[in-house]
Structure formats: structure tokens, C-alpha cells
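Fold and contact review
Here is what each chain is made of, one letter per residue.
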Amino acid sequence: MTIAELLGNKGFDPCSKCGGYALRRLSQDQVAYYRAAHRLHSLTHQVYSAAARNNGTGSAELAAQLREFAELDRRAANAWFPLRKEARRWQQTVNTLLDELPGPA
């Protein structure tokens, strides 16, 4: 499953898979990525919902939250994405969501 498919999957529920036990075995960087990806997934649904309603209310706030994901520092990017193409895909996903927002972003 690609990241785009994962982000668009309404049935995505990572927390029910292991009851939180996996977090105890992950490194700090892995937990940070997991939490960021989970938050990005949540924002994806908010963006698509706003776009479907063509409702620009809250678009500026959503855009600000998405931009936080676009501005990864070099250490986080290196820890989260062993391959540059993965970091580019993350950036493309954020940019696509920003473009989907109704109204000025």
C-alpha cells in the first residue's frame, strides 16, 4: 500500500493493531514519525472534508498545520526517510493537501 492509499483509507486505524505495544519497541525517531504520520492522516480527512463541502472556514488553520509537516529539519528527515524519494513523497503529499484546501491557504 502506498502512502497516498494509506492516507486516503478511511478504515486506517493503526492504534487497534497492537494495542500500543509496538510503541514500546520503537526508537524515539520511529515514534516521532508514527505520530506525525498519524496526525497527517487525520489532517488528510479534514482537508478532503473541507474540499468536499467547498468550505474555506478553517482552511488557514489547516494550512498552517500542514506546513509544519513540510518543514522537517534535516535530522528528522534523515531519521524518518532513509531514501530521498521517501522524503520527496512526504513533501508531495503535504503539497497536494495544501492545493486541495478551498479558499486562500
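First, a word on what this report is: a plain description of the structure on this page. (Residues numbered from 1 in each chain as written. Predicted model: local features only at pLDDT ≥ 70, side-chain atom pairs only at ≥ 80, totals over all residues. Heavy atoms only, no water.)

Next up on the list: the packing of aromatic side chains. Two aromatic rings are characterised by how far apart their centres lie and by the angle between their planes. If you walk through the whole model with that rule in mind, you get seven aromatic pairs. Between W80 and F81 the ring centres are 6.2 Å apart and the planes differ by 75 degrees, which places this aromatic pair in the edge-to-face class. By relative accessible area, which is 9% here, F81 ends up buried. What links up through ring pairs into an aromatic cluster is the set Y33, F69, W80, F81 and W90. (Phe/Tyr/Trp six-rings, centres within 6.5 Å; stacked < 30°, edge-to-face > 60°. Buried < 20%, exposed > 50% of the residue type's maximum accessible area, 1.4 Å probe, protein only.)

To continue, consider the environment of D29. By the secondary structure assignment, D29 is in helix α3 (residues 28–53). Counting along the chain gives 49 residues from D29 to N78, while the straight-line C-alpha distance between them is 9.8 Å. What D29 contacts, discounting residues up to four positions off in sequence, is R75, A79 and W80. (Helix = DSSP H or I, 4+ residues; strand = E, 2+ residues; numbered from the N terminus. Contact = heavy atoms within 4.5 Å.)

Our next topic: the nonpolar core. One broad rule of soluble globular proteins: the nonpolar side chains tend to lie buried together. With 16 residues, the main nonpolar core has L40, L66, F69, W90, V94 and L101 as its most contacted residues. Elements supplying a minimum of two residues to this core: α3, α4 (59–70), α5 (74–80) and α6 (84–100). Discounting residues that sit within four places of it in the chain, F69 has contacts with A36, R39, L40, L43, W90 and V94. (Core = buried A, V, L, I, M, F, W, Y, C linked by side-chain atoms within 4.5 Å.)

Turning our eyes to something else, we now look at the packing of α4 against α6. The description of two helices packed together rests on the angle between their axes and the distance between the axes. At a closest axis distance of 9 Å, the pairing of α4 and α6 adopts a crossing angle of 165 degrees. Accordingly, the angle class assigned to the pair α4 and α6 is roughly antiparallel. For the pair α4 and α6, the crossing hand works out as left-handed. Here α4 contributes A63, L66, R67, F69 and A70 to the contact with α6, which in turn contributes W90, Q91, V94, L97 and L98. Here the contact of α4 with α6 is composed, by residue class, of eight nonpolar, one polar and one charged. (Axes fitted to C-alpha atoms, helices over the stretch in contact; angles between N-to-C directions. Parallel < 35°, antiparallel > 145°, perpendicular 65-115°, else oblique. Left-handed = near helix turned anticlockwise from the far one by under 90°. Nonpolar A, V, L, I, M, F, W, Y, C, P; charged D, E, K, R; others polar.)

What is shown is where atoms sit, not what they do.
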